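Each chain is listed here by its residues.
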Amino acid sequence: MEWTREQRYLPYEKHSALELLKLQAQADNSPYQMHYHVRPSSGLLNDPNGFSYYNGEWHVFYQSFPFGAAHGLKSWMHMTSPDLVHWKDHGLALAPDTEYDSHGAYSGSARAIDDRLFLMYTGNHRDQDWQRTPYQLGAWMDEQNRVTKLDQPLFVNPDHISEHFRDPQLLEHDGRYYAIIGAQEKATEEGHIDLWTSDDLINGWHEVGYVDCMKDSMGYMCECPNLIDVDGHPVLIFCPQGLDKRVADYENIYPNMYLTGDEFDYEQAKLINSSQTPVNLDDGFDVYATQAFNAPDGQAYAISWVGLPDLSYPTDEENWANCLSQVKELHYQNGRLIQKPVPAMKELRSQAESFNGNVSHIKTGRQFEMEVDIAADQAGTLFLTASQDLSAGLQVRFDTRTGKLSVDRSHAGQPVAPDFGTVRSVDLPADQPLKLDIFIDHSLAEIFVNDGEHVLTLRFFNDPCQVWAGFSERINAHGTVWQLKNM
């Protein structure tokens, strides 16, 4: 469906309840629908927002346009979980219903303060000439999940920043509140991460300045910045749009990257001893807009939008699109992030079946976890969600002698963004064994390599009858497949 501007920004009350019920049924009945990930009940899902711990539960919100697979008038939908795996849907939490968010409640963060959760987000407003003004807004959520918006924006935008000023992450340090916000410098049209501070959260916000974290330009815009502590090290996660590929290698239309350092100077807006060259957070095809935060015990967690801006996916034709990744536990090792499934993911496991490298094919279904240990001095291909003769499916090619691993989705059904390639690869230590922990949820694959040294996340849209896995040849390997329960 081709969406006009008027259709995409039609007020919610202009849509009928029957229309929404039909869209929900269409999404529910899709053969590509995920079953143990956060996904839209209808329409389009994008950025995770407000990832936090409050009132004894984990909370995450997500950007939603519930009326189709289009980036239209955005709201926040609300989910809670006792364990970061089993999520309960609370429906609409933040609607675009004021002057300041009239054209969308855009992305932001949340922070528990006393007995309430404070939401800081960007309101998208456009005038009659379609000129945009972004506003950084606040709202309180109480223990009954009731949201009350502040009457006015938190501060006036500085003159030197363009209309691209969004996605605040609210932080607290030494008794003061801070926010990092994605920004574009008006004069140069370059992207930055902008740091702001306030004594009391509501009043007196002022700009500290652009964060000094890398010597090269971030491109023309920096979206979804996050500053977290990972095992005592500050880590900046962000999405630099238009980043020069001579600065850092990436193949997706827009990358999701991170930098590490030794310390973050809040007074000078500086990442001390920055790693300077950003690293891909995920080595697959479809991760963007990751949101991370530190839990009350200090542990860092991250969740991502599995989808990319300005791309289409086959389920657009079914009027729904995208999902959130599983939550990952973050650790720091030798200057790099390690990403692991949270422990509660094991609670989804049910029936188990062991196999070895002599098995040419094993029936897995389309909702499973597979752990595989491959010895050193081995090379071959592991097929996933494949036809029984292994002529079609996802291909995970590996060579533990040279330390190479790649994922190829060119033979896994309907093409997805082929202009940006069909293979993603990572380099591994040579002459070392390889460990894979693979999660499949119908049309979503998450592949953890060597206990989270790399993660490759991707969507694929092949024949639902392709339910087999196997090796292209006999190799020295063994593993286990678990069927996984619905969330």
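Preceding block: the structure.
Residues numbered from 1 in each chain as written. Predicted model: local features only at pLDDT ≥ 70, side-chain atom pairs only at ≥ 80, totals over all residues. Heavy atoms only, no water.

## Concerning the overall build of the protein
Turning to step 1, where the next piece is worked out: Along the backbone of the protein there are 2 helices and 36 strands.
Turning to step 2, where the next piece is worked out: The globule rule puts the C-alpha radius of gyration for 487 residues at 23 Å, and the 22 Å found for the protein is close to it.
Turning to step 3, where the next piece is worked out: For the protein, the C-alpha atoms occupy an extent of roughly 65 × 55 × 40 Å along the three principal directions.
Turning to step 4, where the next piece is worked out: Counting across all 487 residues of the protein, residues that qualify as buried make up 61%.
Turning to step 5, where the next piece is worked out: Of all intrachain contacts in the protein linking residues separated by at least 6 positions in sequence, the fraction that spans at least 24 positions is 59%. (Helix = DSSP H or I, 4+ residues; strand = E, 2+ residues; numbered from the N terminus. Rg over C-alpha atoms; globule rule 2.2 N^0.38 Å. Buried < 20%, exposed > 50% of the residue type's maximum accessible area, 1.4 Å probe, protein only. Contact = heavy atoms within 4.5 Å.)

## Focus: the pattern of salt bridges
Turning to step 1, where the next piece is worked out: Per the stated rule, a full pass over the model turns up 19 salt bridges.
Turning to step 2, where the next piece is worked out: Between Glu172 and Arg111 there is a salt bridge; the shortest N-O distance is 3.6 Å. With Glu172 in strand S9 (residues 161-173) and Arg111 in strand S5 (residues 105-113), this residue pair connects regions lying 61 residues apart in the sequence.
Turning to step 3, where the next piece is worked out: With its nearest N and O atoms 2.7 Å apart, the salt bridge here joins Asp244 to Arg246.
Turning to step 4, where the next piece is worked out: The exposure class assigned to Asp244 is partly exposed, which follows from its relative accessible area of 31%.
Turning to step 5, where the next piece is worked out: Residue Arg246 is classed as exposed on the basis of its relative accessible area, which comes to 75%.
Turning to step 6, where the next piece is worked out: Sharing partners across several salt bridges, the network here consists of Asp97, Asp101 and Lys149. (Salt bridge = Lys/Arg side-chain N within 4 Å of Asp/Glu carboxyl O.)

## Side note on the sheet that holds strand S21 (residues 320-321)
Turning to step 1, where the next piece is worked out: The strand order across the open sheet built from 5 strands is S4-S3-S2-S1-S21, with neighbouring strands paired in mixed fashion. Looking at the sheet topology across the chains shown, the edges are occupied by strand S4 (88-94) and S21.
Turning to step 2, where the next piece is worked out: Across 2 bridges, the pairing between strand S1 (residues 43-54) and S21 is parallel. Looking at S21, one finds that Gly43 is bridged to Trp320. (Pairing = 2+ DSSP bridges.)

## Here we look at unusual backbone geometry
Turning to step 1, where the next piece is worked out: Of note in this structure, Asn319 is not a glycine but carries a positive phi near 70 degrees.
Turning to step 2, where the next piece is worked out: With respect to the helices and strands, Asn319 occurs in the loop between strand S20 (300-306) and S21.
Turning to step 3, where the next piece is worked out: For Asp451, which is not a glycine, the phi torsion comes out positive at approximately 55 degrees.
Turning to step 4, where the next piece is worked out: Asp451 gets classed as partly exposed once you look at its relative accessible area, which sits at 46%.

## A few points about the sheet that holds strand S26 (residues 362-363)
Turning to step 1, where the next piece is worked out: Taken together, 6 strands build an open sheet; the order of strands is S26-S35-S28-S29-S30-S31 and the sheet is antiparallel. Two strands in the sheet have a free side with no partner beyond their single neighbour: S26 and strand S31 (423-427).
Turning to step 2, where the next piece is worked out: The pairing of strand S28 (residues 379-386) with strand S29 (residues 394-399) spans 6 bridges and is classified as antiparallel. By the bridge assignment, Gly380 is partnered in S29 with Phe398.

## As for the environment of Thr98
Turning to step 1, where the next piece is worked out: Note that Thr98 resides in the loop between S4 and S5.
Turning to step 2, where the next piece is worked out: Its relative accessible area of 29% is what places Thr98 among the partly exposed residues.
Turning to step 3, where the next piece is worked out: Residues Thr98 and His125 lie 27 residues apart in sequence; the distance between their C-alpha atoms is 9.2 Å.
Turning to step 4, where the next piece is worked out: For Thr98, the side chain forms a polar contact with the side chain of Asp101, separated by 2.9 Å. (Polar contact = N/O pair within 3.5 Å; in protein donor to acceptor, adjacent residues only side chain to side chain.)

## Points about the nonpolar core
Turning to step 1, where the next piece is worked out: The biggest cluster of nonpolar side chains holds 46 residues, and the ones touching the most others in it are Phe51, Leu84, Trp87, Tyr301 and Val327.
Turning to step 2, where the next piece is worked out: Sorting the residues of this core by element identifies S1, strand S2 (57-65), strand S3 (75-81), strand S19 (287-294), S20, strand S22 (323-324), strand S33 (444-449) and strand S36 (477-484) as the ones contributing at least two each.
Turning to step 3, where the next piece is worked out: No other element matches S20, which puts 4 residues into this core.
Turning to step 4, where the next piece is worked out: For Tyr301, the contacting residues outside a window of four places in its chain are Phe51, Trp58, Leu84, Gln291, Ala292, Phe293, Ala295, Val327, Lys328, Glu329, Leu330 and Val342.
Turning to step 5, where the next piece is worked out: Grouped together as the second largest cluster of nonpolar side chains are 32 residues, Leu394, Leu405, Ile447 and Ala477 included. (Core = buried A, V, L, I, M, F, W, Y, C linked by side-chain atoms within 4.5 Å.)

## Focus on the side chain of Ser109
Turning to step 1, where the next piece is worked out: Relative to the helices and strands, Ser109 is located in strand S5.
Turning to step 2, where the next piece is worked out: For Ser109, a relative accessible area of 5% corresponds to the buried category.
Turning to step 3, where the next piece is worked out: Looking at Ser109, its side chain comes within polar contact range of the main-chain oxygen of Pro168, at 3.1 Å.
Turning to step 4, where the next piece is worked out: There is a polar contact of 2.8 Å between the side chain of Ser109 and the backbone nitrogen of Leu170.
Turning to step 5, where the next piece is worked out: Not counting residues up to four positions away in its chain, the partners in contact with Ser109 are Gly50, Trp76, Phe118, Leu119, Met120, Pro168, Gln169, Leu170 and Gln291.

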